[in-house]
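# Descriptive structure summary
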Amino acid sequence: MAKDSQTKKISAFVVETEWEGVKVEHRCHFMGLRALANAVISFTHVRVPRENLIGQEGKGLKIALTTLNDGRLSIPNGSVGAAKRALSICRTWASERVQWGKPVGKHEAIAHKIADMAANTFAMESIARLTTSMSTQGNFDIRLEAAACKLWNSTRGWEIVDDVMQIRGGRGYETEISLAARGEEPVNAERMMRDYRINRIFEGSDEIMHLFMAREAVDKHLQVAGAMIDPSVSLAQRLGTLPRIVVFYAWWYPTRWLGWGRWPRYSGFGRFARHLRFVDRSSRKLARQIFHGMLMHQAKLQHKQAFLFRIVDIADELFVMTATVSRARMMAEAGLPEAEKAAKVADLFCRNATRKVRKLFHDLWANDDVGKYRVALGVLEGDQVWMEQLLEGLPATASQKRAKLATA
Ligand SMILES: Cc1cc2nc3c(=O)[nH]c(=O)nc-3n(C[C@H](O)[C@H](O)[C@H](O)COP(=O)(O)OP(=O)(O)OC[C@H]3O[C@@H](n4cnc5c(N)ncnc54)[C@H](O)[C@@H]3O)c2cc1C
């Protein structure tokens, strides 16, 4: 991609590394994904033939943003693959490995990990299937769903990979080559960990996905009442927007309280009805909390990332609950032989998610966000450097470390 210095528009095109003026300055090496050929590349007076243009000239940014939504879905789908492999590894190992007189999988601590792994894998696949099918149909705006799916699956996938390492014990940390050399099954938990971690960083990091979704969550309020919290807007202008705001919220706010999210709603969903009722009630509660957050923090809300991230996490859990219940019900309606088994893990997932959502709602208003931020500022300003210097014999700071490396 490059920006035209005159029109300031971005265009996308293909450049071949053999061309004159293209130089691979440095080939990057990563802890995992070792087949990648990312590099620092310099371009000096490179001439690009017109036929190498992708799409229309000046439309590069639009192409990038549009393809990003679909491209982003490769991560949550890949995460499902990793989770399935992890489940298979853990099921086998936790049944075979005996400690303290029984298979490790039958000790409650490990059993619970395995149950959550199965429940989360089912949920991950449900949300990936739903979002991918929306993308394939082509008539949905999937920006939010793709971001939610990417964020949720990459995070749960990482937790699952971490659990594989824990459940495999010392063998989890051992490379597959070493395992094979001593006659053990070459399970690649170590490699999974190295390869998987990047999923929470590229194609939109955890933090950027949260911010992107948070912006959408407050967008309607900013459209309607943005002027009231914008310090650059004059008092007269604010008063001018007041009637429109009053009309909007006179309808909007009460309807976030009204609505029936209890029995007999969703009764057709059988054992899942209670979970959908919870999603229904929590969605309205979430809308109210976003509004309360705007009233409380006003223009500062954009900097209240802890508050905004919790909002996004609640929305994400509710979305995944819905996808999970829908898939379990679809499997039952289709008469699939696995439907009853799927229902068990879907139910467990929803119970876990309900607890998580309740805690997140609680933490919205009872937290240490301000104090924690102050401590972080202190750390950044060097308040706690004394603690780093306690590492006797090791370079205390990054600059000392660099100096040591330079002289080595
Ligand atoms: C193996 C690998 C392959 C890659 N492949 C590609 C590729 O094919 N194409 C491509 O374009 N890029 C690629 N990248 C780059 C990748 O997309 C970026 O590394 C990633 O988007 C994060 O950007 P950054 O490294 O600049 O981190 P930074 O932006 O420097 O962020 C550092 C940290 O701060 C957080 N952060 C940043 N801004 C905020 C904020 N406003 N609020 C809160 N937290 C914030 C980030 O989430 C991150 O945790 C690749 C990277 C790697 C490691």
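Residues numbered from 1 in each chain as written. Predicted model: local features only at pLDDT ≥ 70, side-chain atom pairs only at ≥ 80, totals over all residues. Heavy atoms only, no water.

### Concerning the overall build of the protein chain
Heads up, the condition is: Put simply, DSSP H or I for four residues or longer makes a helix, DSSP E for two residues or longer makes a strand, and each gets a number counted from the N terminus. Each residue's exposure class comes from its accessible area (1.4 Å probe, protein chains only) as a fraction of the maximum for that residue type: buried when under 20%, exposed when over 50%, partly exposed otherwise. We call two residues contacting when some pair of their heavy atoms lies within 4.5 Å. A 1.4 Å probe and the Shrake-Rupley method give the accessible areas. Residues count as covered only by the protein chains that appear here. A residue counts as positive if it is Lys or Arg and as negative if it is Asp or Glu; His and the chain ends are not included. In plain terms, the charge of a residue is placed at NZ if it is Lys, CZ if Arg, CG if Asp and CD if Glu.
Regarding its fold elements, the protein chain presents 15 helices and 7 strands. For the C-alpha atoms alone, the extent of the protein chain along its principal axes is close to 75 × 65 × 55 Å. Classification of the 408 residues of the protein chain by burial places 37% in the buried group. Within the protein chain, counting contacts between residues at least 6 apart in sequence, those at least 24 apart form 68% of the total. With an accessible surface of roughly 24800 Å², the protein chain has 58% of that area assigned to carbon and sulfur atoms. In the protein chain, 60 side chains carry a positive charge and 44 a negative one; their mean positions are 6 Å apart.

### Some points on the site of the ligand
Defined as follows: For each residue, the test is whether any non-hydrogen atom lies within 4 Å of the molecule or strand; if one does, the residue is near. Here a polar contact is taken to be a pair of N or O atoms separated by no more than 3.5 Å, where protein atoms must pair a possible hydrogen donor with a possible acceptor and residues adjacent in sequence count only if both atoms sit in side chains. As a working rule, the residues Ala, Val, Leu, Ile, Met, Phe, Trp, Tyr, Cys and Pro are called nonpolar, Asp, Glu, Lys and Arg charged, and the rest polar, with Gly in that last group.
Near the ligand you find F30, L36, N38, I198, I201, F202, S205, E207, I208, L211 and Q305, and these make up its full shell. Residue Q305 places a side-chain N or O atom 3.1 Å away from a nitrogen atom belonging to the ligand. When the ligand is considered free in solution it has 970 Å² of accessible area, and contact with the protein chains removes 40% of it. Per-element accounting of the shell around the ligand gives the leading share, 3 residues, to helix α8 (residues 206–229). Its residues assigned to classes, the shell around the ligand comprises 7 nonpolar, 3 polar and 1 charged.

### Overview of the nonpolar core
Going by this rule: Note on terminology: a nonpolar core comprises buried Ala, Val, Leu, Ile, Met, Phe, Trp, Tyr and Cys residues joined through side-chain atoms within 4.5 Å.
Ranked by size, the top nonpolar core spans 75 residues in total, and within it I314, M321 and F349 carry the most contacts. Elements with a minimum of two residues in this core: α2 (74–96), α3 (108–137), α4 (143–167), α7 (189–196), α8, α10 (273–297), α11 (305–333) and α12 (339–365). Broken down by element, this core gets its largest block of residues, 14 residues, from α11. Those residues within four positions of M321 in sequence are excluded, and the remaining contacts are H275, F278, V279, F349, C350, A353 and T354. Counting residues in hydrophobic clusters, the runner-up holds 8 residues, among them V224, F248, W252 and F291.

### As for the domain arrangement of the protein chain
What counts here: Each domain's limits were defined by an automated method or a database of domain assignments. Accessible area that two parts lose when put together, evaluated with a 1.4 Å probe and summed over both, is termed the buried area. The working definition used for a salt bridge is a side-chain nitrogen of Lys or Arg within 4 Å of a carboxyl oxygen of Asp or Glu.
Parsing the protein chain into structural domains produces domain 1 (2–58), domain 2 (66–203), domain 3 (208–367) and domain 4 (377–407). Computed over C-alpha atoms only, the centres of domain 1 and domain 2 are separated by 33 Å. In total, about 390 Å² of surface goes out of reach between domain 1 and domain 2, with carbon and sulfur atoms giving 65% of it. Counting across the interface, domain 1 meets domain 2 through 0 salt bridges. Counting across the interface, domain 1 meets domain 2 through 2 residue pairs in polar contact (both at pLDDT 80 or more). Tallied by class, residues from the side of domain 1 that touches domain 2 come to 2 nonpolar, 1 polar and 1 charged.

### Points about the side chain of T121
By the element assignment, T121 lies in helix α3. There is a polar contact of 2.6 Å between the side chain of T121 and the backbone oxygen of M117.

### Description of α4
Condition: Multiplying 1.5 Å by the helix residue count minus one yields the expected span of that helix.
The end-to-end C-alpha distance of α4 is 36 Å, a good match for the 36 Å that 25 residues give at a rise of 1.5 Å each. Most of α4 sits out of view: 19 of its 25 residues are buried. One or two positions beyond α4, positive phi appears at G169, with a value near 60 degrees.

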